[in-house]
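A closer look at the structure
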Amino acid sequence: MNINEFWTWFAQNERNIRIALSQHDKTPGNVIEHLFAKLDSFSPSITCEVRKCPDSKKYWLTISAWGNPDAYILVTSVVALSPKIPQWTIKAFIEPYKDIDELMSKPYTLYGLNIVPNTIYFSVCAADYDREIYDLILLLPLSVKSQPENLLQSYFYNLFLDLWGEIYITKRINKIQFIFCDNHQFYFIDFDAIGALDYFKT
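Here's what I pulled together on the structure shown here. (Residues numbered from 1 in each chain as written. Predicted model: local features only at pLDDT ≥ 70, side-chain atom pairs only at ≥ 80, totals over all residues. Heavy atoms only, no water.)

**Some thoughts on the overall build of the protein chain**
Scanning the protein chain from N- to C-terminus turns up six helices and nine strands. Considering only C-alpha atoms, the protein chain reaches an extent of 55 × 35 × 30 Å along its principal axes. A burial count over the protein chain gives 41% of its 202 residues as buried. For the protein chain, the share of sequence-separated contacts (at least 6 apart) that also reach a separation of at least 24 residues comes to 67%. Each charge sign in the protein chain was given a centre, from 18 positive and 23 negative side chains, and these centres are 8 Å apart. (Helix = DSSP H or I, 4+ residues; strand = E, 2+ residues; numbered from the N terminus. Buried < 20%, exposed > 50% of the residue type's maximum accessible area, 1.4 Å probe, protein only. Contact = heavy atoms within 4.5 Å. Lys, Arg positive; Asp, Glu negative; His and termini not counted. Charge placed at Lys NZ, Arg CZ, Asp CG, Glu CD.)

**Remarks on the sheet that holds strand E8 (residues 173–179)**
Strand order in the open sheet made by the four strands is E8-E7-E6-E9, with mixed pairing throughout. Only two strands of the sheet have a single neighbouring strand rather than two, namely E8 and strand E9 (189–190). Here strand E6 (residues 121–128) runs beside strand E7 (residues 133–139); their pairing, made up of seven bridges, is antiparallel. Bridge pairing in E7 places Ser-123 opposite Ile-137. Contacts from helix H5 (residues 149–164) reach E7 and E8, with the element oriented near 125° to E8. (Pairing = 2+ DSSP bridges. Axes fitted to C-alpha atoms, helices over the stretch in contact; angles between N-to-C directions.)

**Description of the pattern of salt bridges**
The tally for this structure, following the rule as stated, stands at seven salt bridges. One salt bridge in this structure joins Glu-14 and Arg-18, with 2.7 Å as the shortest N-O distance. With Glu-14 and Arg-18 both in helix H1 (residues 3–22) and four residues apart, the pair spans about one turn of that helix. Each member of the pair Glu-14 and Arg-18 is classed as buried. Note that Lys-91 and Glu-95 form a salt bridge whose closest N and O atoms lie 3.5 Å from each other. (Salt bridge = Lys/Arg side-chain N within 4 Å of Asp/Glu carboxyl O.)

Written out as structure tokens, the structure is:
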């Protein structure tokens, strides 16, 4: 499938996608799963996120490189060729939520986890200051210690995207590690300071 074929399919199926989003359809094999599959058949290096705007009849389709900077040019090219559809806003790269304070103070629910972000602390455990990219270690509650590593990685990557957006996270964070008790080896600070990592250069 080429990109023009993908956008033709999207234009033909966008009404069904809107209905599925409005009805919170989680049926296996639904049209939203077909959307992901169609984009993957064009290029496995990019993905997308679809949402219904909470306060309007508008819908968002975000084309994402999902942390792969090598796919940035492809993402922008795909969005540049997107059709104009009245009910849709089609954009490149996942953007942060506007109300970060609200997101920080409420449980972030995903994959069966419900962690309140402002109860988490972090430390920079390694850094390349020339490239301005950092390895982070998160101090997590003991209640999630039994969770698989890959689930925690996916959970926090999604949280980071919602808090600080795809471009910032890809440019600034190289690796995330987890610890469940403070062994005083690292100096932990409030989670929201991840949004100002360049401060650590000084």
